[in-house]
Amino acid sequence: MTLESPLCNSTATVIFYAPNAALYEQVKEFYKNVLNFTVDEHSYDSCSLLANKAASCNVSAISLLVDEENAASVTEIEGNINNLLSHKKKRDWRTLQSAISLESDKLLAVIEKLKNANCEFQIRPDELNPFEVYVIDPLGSIVGFTALKNAFAVNESSRTFKSADFVFEGEAASSVRSFLDDSHSSSNDAAVKRQRNIAVMTSGGDAPGMNANVRAIVRSAINKNCRVFAVHEGYSGLVNGGPEYIKEMKWVDVRGWLNMGGTNIGTARCKEFRERWGRLKACKNMIEAGIDALIVCGGDGSLTGADLFRAEWPDLIKELLDKKEITEDTYHTYKHLNICGTVGSIDNDMSSTDATIGAFSSLDRICHAIDYIDATANSHQRAFVIEVMGRHCGWLALMAAIATSADYVFIPEKPTSVDEWSDHMCEAVSQHRSRGKRKTIVVVAEGAISSNLTPITCEDVKKVLVDRLGLDTRVTTLGHVQRGGPAVAFDRFLATLQGVAAVDAVLEGTPDTPSPMIGIAENKIVRRKLVDAVKLTKSVAKAIEDKDFEKAISLRDSEFHEHLKYLIAMNTADFREPSLPVKKRKNFAIINVGAPAGGMNSATYAFANYCMSRGHVPYAIYNGFSGLARHESIRSIDWLNIENWNSLGGSEIGTNRTTPEEADLGLVAYYFEKYQLDGLIVVGGFEALESVSQLEAARESYPSLRIPVVLIPATISNNVPGTEYSLGSDTCLNKLVEYCDIIGQSASATRNRCFVVECQGGNCGYMATMAQLCAGAECSYVPEEGISLEQLETDIQTLKAGYASDKGRNHTGRILIKSEKASKALSTEVIGQMISLESEGRFDSRTAIPGHVQQGGIPSPIDRTRATRFAIKAVEFMEEKWSVVHNAEDEIGEFEDSDEVSATAAVLGIERSHVKFRSVKTIWNNETSHGTRMRREIFWENIRDIADMLVGRVKI
Ligand SMILES: Nc1ncnc2c1ncn2[C@@H]1O[C@H](COP(=O)(O)OP(=O)(O)OP(=O)(O)O)[C@@H](O)[C@H]1O
Ligand SMILES: O=P(O)(O)OC[C@H]1O[C@](O)(CO)[C@@H](O)[C@@H]1O
Ligand SMILES: [Mg+2]
């Protein structure tokens, strides 16, 4: 049914499905006679029809009552709605709710009508100055009317208030049904009664990003009509209970938390919770505080505790009932524990997720420290033994060793025997020294062991280096420095998305759904069964205990396994006998194309080392295709020359945007022939994709180009078709977020000031969107959306309202992010001036442009380690595909192209949860927007919605 309201400034369409005729009539009656909507009638007798309708018309609200029988269709509808959102970019969808803007006199007319019709409704904040009116339709959906131009702005308190009243998103059957029950039975307070109480806790060792996680949980939950409580001091807070430990959180309470290290709600290692009596107390305290759902952010220990609590809950609550400590009613209300884990720990030791919140921040601290130590080690020709945290997990040590090209690493998952470890290490170190290396770095995980499970300490390692190799050796234990400081961008992103997903998960949870844990697989946030994740994590510990190290490694995620294999190969490069027989050894080359991006040098480093370990000759083509064509700038790579490249930004081999056709395709092919190249890795952005596409298309004409070619996307814009991640985008994002933190601090200190920060990214709004999410900026303007005056005005109104409601120390610096190409007419400067003019003297604005700073600097550990992984995968791909393209000839010796052959020119990218090689031809022909020089499909749109939601932005 589509209804149009003459009361509205613009058409408001409500679409609904009611499972029976009586209810259908009731709803129609309500909209038609009570709210005086004009009715344009259609009848829908199935959920799918409704879904189709939803997909085909301009719907701004949807009202659904769904019974159990139709639950499956709800999923279908939600699927359709999501499709609709992603394809048609309709951003004004709200399920199970509608918000209608009216002139204030019309609003008063609505109130009159509701009164006359004897409807239950609420007016907020009060009758004298009403700006929001709510009424519940017979399906249980909230219809809101507001006299304000935009329903979610105004000021902090009303924003919280408003959003708290508006959402029953995606919950479908159970919540709507009980909403309906409540609204039949009782008073104006129905909405308040329906609110769920969600508690959030941080537990175990603190980790950067925990605050971002709590912030996202608090705001997302408030936005979904829930009350949120923080349990302070981890499980101790739950065991002790009471208002001192379990405190309600409001929207403003988490302001500014995004970039704070540690955890502001405290954490603990709580012995009592390990005991049943402690968990019984926790159970009672949770019930007394009225908590319906608990989200625990912590490491493997905390989530093991959470899983145990979940398993025991029925017994615990029954015991409380039997002892008459709770009533029968309470027992029934809280019979099922609704619990969810978000994984926060620097150790990255939890199975079923690629990363835990805090791990990459910690890795960042470690890499910085080792980069610094490198300089002093090099100066004195010393050896350094560096102990890093990670408890029983070697992830931090392994990744740090890769990112800093350490000489050797000790991790618990791959021990050697007591007799052998010193020989192995000494062989690697002495070979590196004999090739001219002046320094030695050995990374030791704090949980390092030998294969009989005896610990290997830094002092043990030092003794061997001194006694056997005579090296001047120092030990550095990095300690808790690794846990401190602000979260890196990735952890803010991970923590925020996990927080939002956790709130969704607990709201969708039913007694029958298994408790979830939120993790990440490559680039995709995933929901896993907590019980399985805990089981798998325990099995790693058990495998180590049983000395089954192969199994331990296989049980860690596949990325861990791969990284370890690659590190071992790279570390023996150039001195062990290559692993391939002579006849399989090849000549492979690497080239950089486009603007510089963090990680380009790591890719060259890993490419060269891995090639050497296999027996291939690694060539570098210097200064792009133009360098090759004009100056024959191609040389084989010398091991010692690239030794410190991992920590260098920019491109050591030089990069430019010239494509082979622009440089001279014939000459390029000639040099490929001359150097007998068997494969090429191109590292770069859009021009690199174009280059690979040209090389692939020219195979028919030039036999020397009939070789596998792999594009490793590398550009800060992250706009390369065929991937959701490009090298350099993480480094850039960190630079930008760091910059925004500093600018934000300046804005805060100056009190009434905001900054418009302009960021790079070409025609792609990815960087601006991510910076908005990770820096907590008020909004971001991107080329894909442009800047409408209406949106700008709304954003300025929100800013004004925000500054007006700031009090005392609550003054916060506000930042707006603008992509350099968001608008042809509205420059950053103009936007800044408009804000200043519109602010009527209440605040002022400044602009800030970080410019090319975003391209440079020390590459982030993510870019370094992914570059390593991708470069080695690319070599493996070339080894595998060489014969496919080399032998692609028909009977008379002509080149014979086919899908299989053309797919040997590939993009190595991340799409959702997978790392994939995909045909450049397919990507170039079907997925590339050649005019705007970027991928056609936008994969980060939901990130924009989340970023906006968490700062309460109103989107027109
Ligand atoms: N098996 C368990 N049963 C009950 N509670 C547990 C269990 N394991 C851990 N916990 C609870 O979780 C708390 C934190 O666990 P732990 O010290 O192992 O840290 P973590 O969550 O693994 O984080 P991190 O390793 O990052 O410090 C413990 O102090 C305890 O209260
Ligand atoms: O801070 P604490 O309690 O000394 O614990 C240190 C441990 O915590 C962690 O930092 C996180 O689990 C481990 O890496 C380390 O072993
Ligand atoms: Mg742990």
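These numbers come from a predicted model, not from an experiment.

Draft legend 1. Here's a closer look at the overall build of the protein chain. Summing up its helical and strand segments, the protein chain has 33 helices and 32 strands in all. In the protein chain, which comprises 956 residues, the proportion classed as buried is 53%. Taking all contacts inside the protein chain whose residues are at least 6 apart in sequence as the whole, residues at least 24 apart take part in 77%.

Draft legend 2. Main features of the site of ligand 1. In the neighbourhood of ligand 1, 19 residues make up the surrounding shell, with Gly-204, Gly-205, Gly-299, Gly-301 and Gly-305 lying closest. A class-by-class count of the residues in the shell around ligand 1 yields 4 nonpolar, 10 polar and 5 charged.

Draft legend 3. The packing of helix α15 (residues 421-434) against helix α16 (residues 458-469), seen in detail. The N-to-C vectors of α15 and α16 enclose an angle of 60 degrees; their axes lie 11 Å apart at closest approach. Classified by chirality, the crossing of α16 by α15 is right-handed. Contacts between α15 and α16 pair Ser-422, Met-425, Cys-426, Val-429 and Ser-430 from the former with Val-464, Arg-468 and Leu-469 from the latter.

Draft legend 4. How the structure looks around the nonpolar core. Within the largest apolar cluster, 236 residues are counted, with the highest numbers of intra-cluster contacts made by Ala-400, Val-444, Ile-712, Ala-771 and Ala-871. Sort the elements by how many residues they give to this core and helix α17 (residues 489-508) lands first, with 13 residues. When residues no more than four places from it in sequence are discounted, the contact partners of Ile-712 are Ala-603, Ile-681, Val-683, Leu-727, Phe-870, Ala-871, Ala-874 and Leu-908.

Draft legend 5. Spotlight on the UniProt feature "active site" (unreviewed entry) in the protein chain. With numbering aligned to this structure, UniProt lists the feature "active site" (unreviewed entry) at Asp-347. Looking at the secondary structure, you find Asp-347 in the loop between β13 (338-343) and α13 (359-380). Other than its neighbours up to four places away in sequence, Asp-347 contacts Gly-299, Thr-356, Ala-359, Met-389, Gly-390, Arg-391, Cys-393, Trp-395 and Leu-396.

Draft legend 6. Summary view of the domain arrangement of the protein chain. Domain boundaries in the protein chain define domain 1 (2-191), domain 2 (194-355 + 487-536), domain 3 (361-482), domain 4 (581-727 + 859-935) and domain 5 (735-856). Each of domain 4 and domain 5 was reduced to a C-alpha centroid, and the two centroids are 38 Å apart. With 12 residues of domain 4 at the contact, the number on the domain 5 side is 10 residues. Within the side of domain 4 that touches domain 5, the residues separate by chemical class into 5 nonpolar, 6 polar and 1 charged.

Draft legend 7. Structural context of the sheet that holds strand β29 (residues 905-911). Spatial strand order, β22-β21-β20-β23-β24-β29-β30: 7 strands in an open sheet with mixed pairing. The two strands at the open ends of the sheet, each matched to only one other strand, are β22 (634-636) and β30 (914-919). Going across the sheet, the axis of each strand differs from the next one's by a mean of 25 degrees, ignoring polarity. Across 6 bridges, the pairing between strand β20 (residues 587-593) and strand β23 (residues 679-684) is parallel. Looking across to β23, one finds that Phe-588 is bridged to Gly-679. Packed on one face of the sheet, helix α21 (residues 600-614) meets β20, β21 (617-621), β23 and β24 (709-713) and runs near 155 degrees to β21.

Draft legend 8. Region of the structure containing the site of ligand 2. By nearness alone, every residue bordering ligand 2 is listed as Gly-205, Gly-299, Ser-345, Ile-346, Asp-347, Met-389, Gly-390, Arg-391, Glu-446 and Arg-483. Taken together, the residues that form the shell around ligand 2 break down as 2 nonpolar, 4 polar and 4 charged. The residues that make up the shell around ligand 2 include at least three from each of domain 2 (194-355 + 487-536) and domain 3 (361-482).

Draft legend 9. Spatial organisation of unusual backbone geometry. Its identity as a non-glycine residue notwithstanding, Glu-233 has a phi of 60 degrees, on the positive side. Position of Glu-233 among the secondary structure elements: in the loop between β10 (227-231) and α9 (234-240). A tally of 20 C-beta atoms within 10 Å means that Glu-233 is categorised as buried. Look at Arg-933: it is not a glycine, yet its phi comes out positive at around 55 degrees. Structurally, Arg-933 can be placed in the loop between β31 (928-929) and β32 (934-935).

Draft legend 10. Just the pairing of β24, in detail. Counting buried residues along β24, 5 of its 5 residues qualify, which places the element largely inside the surrounding structure. Covered by surrounding structure in β24 are Val-709, Leu-711 and Pro-713 together with Val-710 and Ile-712, the residues of both alternating faces. Bridge analysis of β23 against β24 gives 5 bridges, and the strand direction is parallel. Residue Val-683 lies in a different strand from β24, and its bridge partner there is Ile-712. Each parallel crossover has a hand, and for β23 linked through helix α25 (residues 686-697) to β24 it is right-handed. Here 3 bridges tie β24 to β29, and the two strands are oriented parallel to one another. Bridging across to β29, Val-710 finds its partner in Ala-906.

What counts, and where the lines are drawn
- Residues numbered from 1 in each chain as written.
- Chains lettered and ligands numbered in written order.
- Predicted model: local features only at pLDDT ≥ 70, side-chain atom pairs only at ≥ 80, totals over all residues.
- Helix = DSSP H or I, 4+ residues; strand = E, 2+ residues; numbered from the N terminus.
- Buried ≥ 20, exposed ≤ 12 C-beta atoms within 10 Å, placed from the backbone.
- Contact = placed C-beta atoms within 7 Å.
- Near = placed C-beta within 6 Å.
- Nonpolar A, V, L, I, M, F, W, Y, C, P; charged D, E, K, R; others polar.
- Axes fitted to C-alpha atoms, helices over the stretch in contact; angles between N-to-C directions.
- Left-handed = near helix turned anticlockwise from the far one by under 90°.
- Core = buried A, V, L, I, M, F, W, Y, C linked by C-beta atoms within 7 Å.
- UniProt positions renumbered as here; feature names shortened; annotations may be inferred.
- Domains from an automatic or database assignment.
- Pairing = 2+ DSSP bridges.
- Right-handed = clockwise from strand over helix to strand, strands pointing away.

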